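Below, each chain spelled out in residue letters.
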Amino acid sequence: MLAFAWLSACSSGDDGPAGRDGIDRTGLKPGDDLPGVVVVIEAVSGGTGFAGAVQVGDRLTVDFTLHQKDATPIDLTQLARAAIMVSGPTFNYQRVIESQSDLVARSSMRGPGAYRYRFQVPIPATYLPPLNDTAALTDGELTGQALLAGTYTVGIEARRDFDVAGAVVRDVGNASRDFLFGSASTLEPREVVTQANCNQCHTRLAAHGGNRTDVRNCLLCHTAGAEDRNVAAVAGGTPGATVEFKVMIHKIHAGANLPSVTGMTSDSDGFRDYSVASVPYRLIGFGDNLVDYSHVRFPVWPSLAAPMPRDLDYVANTPEAAKEDLVRSGPVDCATCHGDPDGTGPLQAPAQGDLAYRQPTRRACAACHDDWLPSQPYIANGQTMPPQLDDSQCIVCHGVSGDGLAVMDAHLHPLRDPAVAAGVNFTLTGPSANLHAGDKPMVTFSLADDSGSSLAAADLARIEVGVNGPTANPNLLLSATLPAAALSGPGPYTTALPERVYLERVGVSAAGLQAFSSARQPHWNVSGAATEVYLRPSSGPPGASSQLAAAAALSQNFVDVLPGDGSLFARNDYVVLEDGVGGQEEYLRIQWVDGDRLWFSSPRSPAYPSAVRKAHPAGAAVAAVTLNLVPSSSYGVVGSSGTINETVEFGDGVVLTTYTTDFVLPTVFPGALNDSPDLGEKAGDWGGLPLVDGTYTIGIWGTRTHSVDVMGIVTPYTEASKPATATFLFGAATTKVENQRIGSPEACYACHVDLQFHGGNRRGYETCLLCHGNAGSEDRARHVAANAPATTGVSVDFREMIHKIHHGRELSMAYEVVGFGSSAYPDNFSVATYGEVGFPAMPEGTKACVVCHGASDAWRQPADRVHPQGSAVGSAWTAACIACHDTRAAIGHAGSNTAHDGAEACAECHGIGREQDVALKHKVR
């Protein structure tokens, strides 16, 4: 289950003493931005040592400024809260002067917005105890010891409170500045992570009721030995729970994957012990709130979906393996927090980010690897680490890089290791001229690894293609596997796209060897796309028969038979509709019998025809028939002409063929992914309606497989490419229109770094859109997956699915999706629930629409989804808005403002510039 780090233990209470009693009621309107509190510490003085270094007994003087974002000075009397503190040294923060609440009272004005504060408390000779100190945690703690020479830090937090339409909104600023203490002569700031690292996911880091917004200030309280508020004796707390920053942050972000949470530890001999009960990772925050982080998962791929390699303790298909799988899926991409937060962008890596690799410590490492008890030996992969009573020996075995025990190597995921996964990259050129129904899209593509070296199609385990459109309301036209056997040589390859034609009647076999020709040519007839021949024998017992209870429309993937007759049919039966009716006879294969409804398939189930290819009236005959697969040794195929030549007599009967040929653009839209009547035209599903002019997209992607061997234990991996896409114009369209749902795929990668789903076979935002970007797409239904649970009408259309997933724990109704698998539910089908997923953007989660949508206006004014020949209006607003606003009241509100044909009145109130503009209602401060 996907879940994100959410520092909710740090977002309640902790108001502290106020600088004044009051709230600014100067008239901020709901749409106004907060003016901002910008705090800058300009100087720290008062040291009596050499070159101004601070000594014990000195009283610090701090010069600082307070301004709004527009540089307007802020008067101290406008603050609702202000505090100042001192901690140090930067190489092992301890509390020195606890938070002082007299910043307003003791500060003098130096000029507009410029102030000077002099501590009443002198620098003490010894360190203060850490927060909530008990004897349970002492490692790294220097309570009562003499202050060490080094770099120390002053931190300020300041806050203004505003009344905005009756709600109190906090406007907060934090600042810090380093100074030298004792004999230290060189400033050594602490920067193992930066604010930018945190904000790439959290947008605007905020904790403790929003009072703490700067990660540098977090370090001043979350020092070695600091504990949560177990002194409050809140039920369910964990005694001795550390809130030291480097331990707490690792544990929070690894919550669901912690060995302790999964029920793992090690015994006194160092062997892994799976028999222990799960210990939830909980912290008691301010206001005595007990917060459980045991569901949190770091949202970074690939480890989120593809676990790290198995080790010698791994025994497949056991309860112990299930626990190992969870632990192996924990965070390993250290660079997300300790490296360059935006890759090759303008932001810089933390100045001391490499300390995460150069200075391994027992506390930091055991934060995630908490089945390791440093006081005991530990055995892994046949190696024994003796007890570690301090951190001095860590670096001896765990260097920066160079072997399997080195920190960087041990955290390098195989799919990030160029020695394992060298990369798969497609380049694609699509049609240049406008296409029309009946045209055959041709593409040219080439393959290369990340170094630019060419790859051949035969190097890949699978290649897939998809076609959808138009841009404003994409519907799925093709989803198919492109067989590598159809592509020879090293590339580039110019090819048509593959389309599977099912059970086409090509003639009647009688005495003597005959030739049969298919309606379409060529036959690809290669491995992975072989031509199959079936014979319906002339003699034999008659099968079950009925009639259509209702007309079957073109592209419909089911038929309804007369009441009670469904029981006459079974899964995998072949049926014929309108047998013997010239031009109307059609053969299909039943995938599921649902009462009196006979379901066929979906575009992603290649063993079954996906839908009727002809319209059939009510009352049309339906009969079960026997179809025998003819051995391939009994015929030859002339691919270019689509001719099947008997080489061994088939016997008497009707001959049918299933074959792969060149995809041609259809006259009407085929059915949606896992199509059903639950989501019809009002959901944007244009199945059976004519293709419309516009911009369409072709996508191609592929995978390679790898096996990683650790001491004889093999772990398989799938390395997927991101897709290459090309657009083309259909019909009379003259201008290509790009998809503008989000500002950029980088909005996804800011948190996720990468995206990989469906066993690693789909990678990248653009691949998601090729399937899930299509209107009417549903989760894996019973007519696709044998015995799958019923999840009626569950949309996996991107606009609804992504909102629901990221809003998971805030939803009123659970969002459950049946995923992909290889056999019957429940063994190999995943039913994903997202009830514990929290969007990490602070301070208001999914309310921050711009985090994903960026400069796109799609979230403010959804594109209309009206087919010119349709009978209903596709939902644009409701599909997106009700995804998050799923209470009965919200659904009723949307319904009452939607006409019978699906036309929505939402824009009248919520459109751009309207009184209830979406941007206004989603304003984040």
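Described below are features of the structure shown in this document. (Residues numbered from 1 in each chain as written. Predicted model: local features only at pLDDT ≥ 70, side-chain atom pairs only at ≥ 80, totals over all residues. Heavy atoms only, no water.)

1. Let's talk about empty space enclosed by the protein
At step 1: Applying the stated criterion across every chain, the model contains one cavity of 30 Å³ or more.
At step 2: Taken as a whole, the largest cavity encloses approximately 30 Å³ of empty space.
At step 3: What lines the largest cavity is N257, R297, F298, V300, S303, L304, S329, G330 and P331.
At step 4: Across the lining of the largest cavity, the residue classes break down as four nonpolar, four polar and one charged. (1 Å grid on protein atoms, 1.4 Å probe; cavity = no way out; pocket = protein on both sides within 12 Å on 5 of 7 lines; lining within 4 Å. Points joined across faces, edges and corners; volume = space filled by probe spheres on them. Nonpolar A, V, L, I, M, F, W, Y, C, P; charged D, E, K, R; others polar.)

2. Structural notes on the nonpolar core
At step 1: Within the largest apolar cluster, 38 residues are counted, with the highest numbers of intra-cluster contacts made by F426, F445 and I700.
At step 2: Looking at this core, the elements with two or more residues in it are β15 (425-429), β16 (442-448), β17 (462-469), β18 (475-481), β19 (493-496), β34 (694-710) and β36 (724-730).
At step 3: The greatest single-element share of this core, amounting to four residues, is contributed by β36.
At step 4: Residues V96, Y115, L142 and V154 belong to the second largest nonpolar core, which totals 33 residues. (Core = buried A, V, L, I, M, F, W, Y, C linked by side-chain atoms within 4.5 Å. Buried < 20%, exposed > 50% of the residue type's maximum accessible area, 1.4 Å probe, protein only. Helix = DSSP H or I, 4+ residues; strand = E, 2+ residues; numbered from the N terminus.)

3. Things to note about the sheet that holds strand β24 (residues 558-560)
At step 1: Overall, antiparallel pairing links the three strands, which are arranged β24-β28-β27 in an open sheet. One side of each edge strand has no neighbouring strand; the edge strands of this open sheet are β24 and β27 (592-594). Along the sheet, successive strands turn relative to each other by an average axial angle of 20°, direction set aside.
At step 2: Sheet analysis places β24 next to strand β28 (residues 597-599), joined by three bridges and oriented antiparallel. Within β28, the residue paired with D560 across the bridge is R597. (Pairing = 2+ DSSP bridges. Axes fitted to C-alpha atoms, helices over the stretch in contact; angles between N-to-C directions.)

4. Notes on the pattern of salt bridges
One side chain can pair with another of opposite charge once the charged atoms of both are near each other.
At step 1: All chains considered together, the criterion is met by 39 salt bridges.
At step 2: For E244, the salt bridge identified is with R363, shortest N-O distance 2.8 Å. Of the two residues, E244 is situated in the loop between α3 (215-221) and α4 (245-253) and R363 in helix α9 (residues 362-368); the sequence distance between them amounts to 119 residues. We note that E244, like R363, is buried.
At step 3: The partner of R416 in a salt bridge is D754, with the nearest N and O atoms 3.7 Å apart. Of this pair, R416 sits in the loop between α11 (407-410) and β15 while D754 sits in the loop between α12 (746-752) and β37 (756-757); the two residues are 338 residues apart in sequence, bridging distant segments of the chain.
At step 4: In this structure R416 comes out as partly exposed when scored by relative accessible area, which is 31%.
At step 5: Judged by its relative accessible area of 2%, D754 falls in the buried class.
At step 6: Taken together, the salt bridges that share partners define one network made up of D139, E244, R362, R363 and D391. (Salt bridge = Lys/Arg side-chain N within 4 Å of Asp/Glu carboxyl O.)

5. Points about the packing of aromatic side chains
At step 1: Using the criterion set out here, one finds 17 aromatic pairs in the structure.
At step 2: Where Y635 meets F650, the ring centres are 6.3 Å apart and the plane angle is 85°; that geometry is what we call edge-to-face. With Y635 in strand β31 (residues 635-638) and F650 in the loop between β32 (643-646) and β33 (653-662), this pair connects stretches of sequence that are 15 residues apart. Grouping residues by exposure puts Y635 and F650 together as buried.
At step 3: Put simply, the rings of Y152, F179 and F181 touch in pairs and so form one group of aromatic residues.
At step 4: Looking at R589, its charged tip hangs above the ring of Y608, at a distance of 4.5 Å from the centre. (Phe/Tyr/Trp six-rings, centres within 6.5 Å; stacked < 30°, edge-to-face > 60°. Lys NZ or Arg CZ within 6 Å of the ring centre and 35° of its normal.)

6. Some words on the pairing of β16
At step 1: Relative to β16, β15 runs antiparallel, the two being bridged by five bridges. Residue T427 lies in a different strand from β16, and its bridge partner there is S446.
At step 2: By the bridge criterion, four bridges tie β16 to β19 in an arrangement that is antiparallel. Across the sheet, residue V443 finds its bridge partner in β19, namely T495.

Just distances and angles here, no functional claims.
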